[in-house]
Amino acid sequence: MDPLKQKFFEKSSALKAEMRALLKEHGNRKVDEVTLRQVFGGARGIKMMVWETSQLDPIDGIRFRGYSIPELKELLPKGPDGKEPRPEGLFWLMLVGEIPTPEEVDWLTDQWTHRSNVPQHTFDLLDSLPVDTHPMTQLSAAIISLQTESCFARRYAEGMKKTDYWDPTYEDTMNLIARLPRVAAYIYRRTYHNGEHIAPDISLDWAGNFAHLLGISGEDFKSLMRIYLTIHADHEGGNASAHTTHLVGSTLSDAYFSLAAGMNALAGPLHGLANQEVIKWIFKMLDALGTTKPTNDQIADYVNSTLAAGQVIPGYGHAVLRRPDPRFVAQKTFAEEYIKDDDIVKVVWQVFEVVPPILKGLGKVKNPWPNVDAHSGALLVHYGLKEYSYYTVLFGVSRALGVLAAMCWSRALGMPLERPKSVTYDWIKEYLSENVAG
Ligand code: HAX
């Protein structure tokens, strides 16, 4: 057994035993109560699943196994620039709860390089799609086409024991993550660069090689990809892409089916597609204003016209967060260090000054602050990745790290089929008439 798999097996077996004992003693204890507003309101805040890899606090933001993003920037092994963390390190941390050594991260890079071969039929499938097919449609289709490689599906068909489910899930997770940069870069090159593909550079780390495969040159873009693919990886279990992956996985669909479903959730404009919507909205604004250096007053007028048209301001607001998203702050810090004089970056910072007071003034928006998607487009545009319809694919490649590490845990802990309860409107009226006095 490889060292990461061995570590994961030991840690998950111990937690499984502890969890069983805890449930035996406290299984009927209440941890939450549900209001009617939550029943109608997208289940906001209801505690209903266990997710080991990260936890989200409304004020402090995301913590991966207890570590904030600034802490991870210090602690995780870095790329050759010595500055930005390697996403491999975050995956290791999420999977086994330990900060890896540089040697362990090198081992993981090596594993993913060796597992990165993409079957020809996936490329053929992509090539059969119209070239203007949205890149997220292509990503979802490509992941589903890789399902032919599923170790879990094969072992299940052979009659695997329940207690072994975690093992092929780990293998599928490693293989799928290893293949994603190649698949995602293939989508980019076929869609925007006449199908001129680039051969992998096996001397590079996972994120560095992805940057190379995209065809964007320069060490700084590789650094951007390292921090980008780290900070987008996980946002606890309740967000739509994570929860969808978990729900589909709970039926014992394998990692390929589950991740493809999660990517379909990420493709919605209220979730991951917001990263393309933000830069699209900024370009439209600059076009309408006829300048790349708008004043704050001009931006405020444009924000008000967007709201008056009954649209949301993309990149602002969040279902859980109540402060500026630490992932926005991490990208702002990157921009301050690398590209602070960029015009579009400056516009993003002006929007950050202008939008929150306007959204607060509406009186209904619970979080007027920027989320992760408010900044990423400006960074990508600066380095020449201007095709914003592609941006959610980058998010998806990163999100795979978190949701698949979490899937390994769900399998190892023997989590059951997910099946919450729904009610009809008549049921609610009857419940109220029986339970509310007067
Ligand atoms: N612009 C305008 N109105 C907004 C708004 C925004 N950015 N954010 C929230 N609102 C509105 C809501 O539409 C809602 O209006 P109605 O009552 O008229 O329906 C009201 O404020 C209350 O919403 P909320 O409780 O504050 O927010 P929700 O938890 O319902 O929704 C969203 C959270 C992220 C979907 C929301 O803030 C939004 O639509 N933001 C813009 C899209 C976006 O940036 N999405 C990415 C989120 C982060 C993410 O998942 N990235 O992948």
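Before any of the text, the structure's been laid out above.
Residues numbered from 1 in each chain as written. Predicted model: local features only at pLDDT ≥ 70, side-chain atom pairs only at ≥ 80, totals over all residues. Heavy atoms only, no water.

Looking at the pattern of salt bridges
Applying the stated criterion across every chain, the model contains 21 salt bridges. With its nearest N and O atoms 3.4 Å apart, the salt bridge here joins Glu-71 to Arg-63. A relative accessible area of 34% means that Glu-71 is categorised as partly exposed. Take Arg-63: its relative accessible area is 32%, and that puts it in the partly exposed class. The shortest N-O distance in the salt bridge between Glu-171 and Arg-115 comes to 2.9 Å. Note that Glu-171 is positioned in helix H9 (residues 166–192) and Arg-115 in the loop between helix H5 (102–114) and helix H6 (120–128), a separation of 56 residues in sequence. (Salt bridge = Lys/Arg side-chain N within 4 Å of Asp/Glu carboxyl O. Buried < 20%, exposed > 50% of the residue type's maximum accessible area, 1.4 Å probe, protein only. Helix = DSSP H or I, 4+ residues; strand = E, 2+ residues; numbered from the N terminus.)

Some thoughts on the packing of helix H15 (residues 296–308) against helix H17 (residues 343–362)
In contact at an axis separation of 9 Å, H15 and H17 are set at 45° when each is read in the N-to-C sense. In this view, H15 runs oblique relative to H17, as classed from their interaxial angle. By crossing handedness, the relation of H15 to H17 is classed as right-handed. On H17, the residues that touch Asn-296, Ile-299, Ala-300, Val-303, Asn-304 and Leu-307 of H15 are Gln-350, Val-351, Glu-353, Val-354, Val-355, Ile-358, Leu-359 and Leu-362. (Axes fitted to C-alpha atoms, helices over the stretch in contact; angles between N-to-C directions. Parallel < 35°, antiparallel > 145°, perpendicular 65-115°, else oblique. Left-handed = near helix turned anticlockwise from the far one by under 90°. Contact = heavy atoms within 4.5 Å.)

As for the side chain of Arg-411
Structurally, Arg-411 is set in helix H19 (residues 391–412). Put simply, Arg-411 is tucked away with no salt bridge, and the nearest opposite charge, on Asp-254, sits 7.2 Å away. Here the side chain of Arg-411 touches Thr-169 through a polar contact of 3.4 Å, side chain to side chain. (Lys, Arg positive; Asp, Glu negative; His and termini not counted. Polar contact = N/O pair within 3.5 Å; in protein donor to acceptor, adjacent residues only side chain to side chain.)

So, the packing of helix H4 (residues 87–96) against H5
At their nearest, the axes of H4 and H5 sit 9 Å apart, and the two run at 100° to each other. Considering their axes alone, H4 and H5 lie roughly perpendicular with respect to each other. Judged by residue contacts, Glu-88, Gly-89, Phe-91 and Trp-92 of H4 engage Glu-104, Val-105, Trp-107, Leu-108, Thr-109 and Trp-112 from H5. Taken together, the residues of the contact of H4 with H5 sort by class into 6 nonpolar, 2 polar and 2 charged. (Nonpolar A, V, L, I, M, F, W, Y, C, P; charged D, E, K, R; others polar.)

Topic: a nonpolar patch on the surface
On the surface, a cluster of nonpolar side chains totalling about 960 Å² of accessible area is made up of Val-34, Leu-36, Val-39, Phe-40, Val-423, Tyr-425, Trp-427, Tyr-431, Leu-432 and Val-436. For the nonpolar patch, the secondary structure elements donating two or more residues are helix H2 (36–40) and helix H20 (425–435). A per-element tally of the nonpolar patch places H20 first, with 4 residues. Residue position: Trp-427 is located in helix H20. (Patch = residues over 30% accessible without salt bridge, like charges linked within 9 Å, V, L, I, M, F, W, Y side chains within 5 Å. Areas by Shrake-Rupley, 256 points an atom, 1.4 Å probe, with all protein chains shown as cover.)

Brief notes about the site of the ligand
The ligand sits among 22 residues. The nearest are Gly-315, Tyr-316, Lys-364, Lys-366 and Asp-373. At a separation of 2.7 Å, an oxygen atom of the ligand approaches a polar side-chain atom of Lys-366. Taking Asn-371, its side chain carries an N or O atom lying 3.0 Å from an oxygen atom of the ligand. Burial of the ligand by the protein chains amounts to 75% of its free accessible area of 920 Å². For the shell around the ligand, the class distribution of residues is 12 nonpolar, 6 polar and 4 charged. (Near = heavy atom within 4 Å.)

Here we look at unusual backbone geometry
Residue Arg-65 is not a glycine yet carries a positive backbone phi of 50°. With respect to the helices and strands, the residue Arg-65 is situated in the loop between strand E2 (61–64) and helix H3 (69–75). Phi is positive for Glu-236, which is not a glycine, with a value near 50°. With respect to the secondary-structure elements, Glu-236 resides in the loop between helix H11 (219–231) and helix H12 (240–249).

Interpretation note: all reported values are geometric properties and have no functional meaning in isolation.
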